[in-house]
Amino acid sequence: MSRLITILFSGLILIQSFQIGMEDLMQLDELFEHAQFHKQEYGDNFFVFLSKHYGGLKAEHSTNHKEEQSDHEKLPFQCQGHSLVILAVLESTEFEASNQVDAPVGSKAVFHYSNLYSLLNKEELLQPPRNT
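To start, this report covers the structure provided alongside it. Bear in mind the structure is a predicted one, so any value in this text is a computation, not a measurement.

## Quick look at the packing of helix α3 (residues 28–42) against helix α4 (residues 46–54)
Here is step 1 of the chain: Closest axis-to-axis distance for the α3/α4 pair is 10 Å, and the angle between their directions is 110°. One way to sum up the angle between α3 and α4 is to call them roughly perpendicular. α3 and α4 meet at a crossing whose hand is right-handed. Where α3 approaches α4, its residues Leu31, Phe32, His34, Ala35, His38 and Tyr42 are matched on the opposing element by Phe46, Phe49, Lys52, His53 and Tyr54.
Here is step 2 of the chain: Partitioning the contact of α3 with α4 into residue classes produces seven nonpolar, three polar and one charged.

## Quick look at the side chain of Asp24
Here is step 1 of the chain: Relative to the assigned elements, Asp24 resides in helix α2 (residues 22–26).
Here is step 2 of the chain: There is no salt bridge for the buried Asp24, and the closest opposite charge comes from Lys58, which lies 12 Å off by N-O distance.

## Points about the environment of Asp44
Here is step 1 of the chain: Turning to its location among the elements, Asp44 is positioned in the loop between α3 and α4.
Here is step 2 of the chain: Residue class for Asp44 comes out buried when judged on its relative accessible area of 11%.
Here is step 3 of the chain: A polar side-chain atom of Asp44 sits 3.3 Å from a polar atom in the side chain of His38.

## Focus: the environment of Met26
Here is step 1 of the chain: The residue Met26 is located in helix α2 in this model.
Here is step 2 of the chain: What makes Met26 exposed here is its relative accessible area of 60%.
Here is step 3 of the chain: Sequence separation between Met26 and Pro76 is 50 residues; the distance between their C-alpha atoms is 8.2 Å.

## Remarks on helix α1 (residues 2–17)
Here is step 1 of the chain: Over its 16 residues, α1 runs 22 Å from end to end, which matches the ideal 22 Å to within 8%, given 1.5 Å per residue.
Here is step 2 of the chain: α1 sits mainly on the outside: zero of its 16 residues count as buried.
Here is step 3 of the chain: At the C-terminal side of α1, Gln19 shows a positive phi close to 60°.

## Overview of a nonpolar patch on the surface
Here is step 1 of the chain: Together, Met1, Leu4, Ile5, Leu8, Phe9 and Leu12 make up an exposed nonpolar region whose accessible area comes to about 650 Å².
Here is step 2 of the chain: Within the secondary structure, Met1 is located in the segment before α1.

## Regarding the pattern of salt bridges
Here is step 1 of the chain: Using the criterion set out here, one finds one salt bridge in the structure.
Here is step 2 of the chain: Notably, a salt bridge pairs Asp44 with Lys52, separated by 2.7 Å at the nearest N-O pair. By the burial criterion, Asp44 is buried, and Lys52 matches it.

## Section: the packing of aromatic side chains
Here is step 1 of the chain: With the rule as written, the count across this model stands at three aromatic pairs.
Here is step 2 of the chain: Ring centres 6.3 Å apart and planes at 85° place the aromatic pair Phe37 and Tyr42 in the edge-to-face group.
Here is step 3 of the chain: Owing to a relative accessible area of 31%, Phe37 belongs among the partly exposed residues under this scheme.
Here is step 4 of the chain: Summarising the aromatic geometry, the rings of Phe46 and Phe49 are spaced 5.9 Å apart at their centres and angled 35° between planes, so their arrangement reads as tilted. Taken together, the residues Phe46 and Phe49, both in helix α4 and three residues apart, mark about one turn of the helix.
Here is step 5 of the chain: An aromatic cluster is present here, built from Phe32, Phe46 and Phe49 joined pairwise through their rings.
Here is step 6 of the chain: Just above the ring of Tyr42 sits the side chain of Lys52; from NZ or CZ to the centre is 5.1 Å.

What counts as what
- Position numbers for residues start from 1 in each chain and track the written sequence from start to end.
- Local features in this predicted model are restricted to residues whose pLDDT is 70 or higher, and side-chain atom pairs enter the listing and the counts only when it is 80 or higher, whereas totals over whole chains, interfaces and linings include all residues.
- Water and hydrogen atoms play no part in the side-chain values, which are based on all heavy atoms of the structure.
- Only the contacting stretch of a helix is used when fitting its axis, a line to C-alpha atoms as for every element, and angles between N-to-C directions run 0 to 180 degrees.
- Under the scheme used here, helices are H or I runs from DSSP no shorter than 4 residues and strands are E runs no shorter than 2 residues, and both carry numbers assigned from the N terminus.
- In this scheme, roughly parallel covers angles under 35 degrees and roughly antiparallel covers those over 145, while 65 to 115 is roughly perpendicular and the rest are oblique.
- Crossing chirality is assigned from the near helix's rotation relative to the far helix, an anticlockwise turn below a right angle marking it left-handed and a clockwise turn marking it right-handed.
- Working rule for contacts: check all heavy atoms of both residues, and any pair within 4.5 Å makes them a contact.
- Throughout this entry, Asp, Glu, Lys and Arg are counted as charged residues, while Ala, Val, Leu, Ile, Met, Phe, Trp, Tyr, Cys and Pro are counted as nonpolar. The remaining residues, Gly among them, count as polar.
- Exposure categories follow from relative accessible area, calculated using a 1.4 Å probe and restricted to protein chains: below 20% of the type maximum is buried, above 50% is exposed, and the middle band is partly exposed.
- This count recognises Lys and Arg as positive and Asp and Glu as negative, with His and chain-terminal groups excluded.
- When a carboxyl oxygen of Asp or Glu lies within 4 Å of a side-chain nitrogen of Lys or Arg, that pair is called a salt bridge.
- Residues adjacent in sequence count toward polar contacts only when both atoms are side-chain atoms; beyond that, a polar contact is any pair of N or O atoms within 3.5 Å, and within protein one must be able to donate a hydrogen and the other to accept it.
- What a helix is expected to span follows from its residue count: subtract one and scale by 1.5 Å.
- A patch consists of residues whose relative accessible area exceeds 30% and which take part in no salt bridge; residues with like charges are grouped when within 9 Å of each other, and nonpolar side chains (Val, Leu, Ile, Met, Phe, Trp, Tyr) when within 5 Å.
- Here, Shrake-Rupley sampling with a 1.4 Å probe gives the accessible areas, and only protein chains in the shown set may cover a residue.
- Geometry of aromatic contacts follows a simple scheme: Phe, Tyr and Trp rings, the Trp one being its six-membered ring, pair when their centres are within 6.5 Å, and the pair is stacked under 30 degrees between planes, edge-to-face over 60, tilted otherwise.
- Both a distance and an angle decide whether a charge sits over a ring: NZ of Lys or CZ of Arg must be within 6 Å of the ring centre and within 35 degrees of the ring normal.

Printed below as a string of structure tokens:
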């Protein structure tokens, strides 16, 4: 059972790493309907269809067939969510760091321990009821 849960969670993390959302899965029927339209209208197989909408022929197809633009916006996996992180490291010579730490002279460290839980040792925590 634990192996099954591990495999399911690993698959979930893998799918999330591809940035496939629930709305993309819900739009898969639109993908297959549009692929069927391309097969009937242009005689494209599924791989040519994918190339026209997600691959190298995408720019040419979008410029030649502007009337299908509303159908193209309904297709899944159109997310352009890329993130860019720019890290800038600036060096400044205005501040000079000192490697020496000045400790106060003549100070003694005083450590004191007080047992705040000594009351728990006097009586047992769980006591059965007694007749008085």
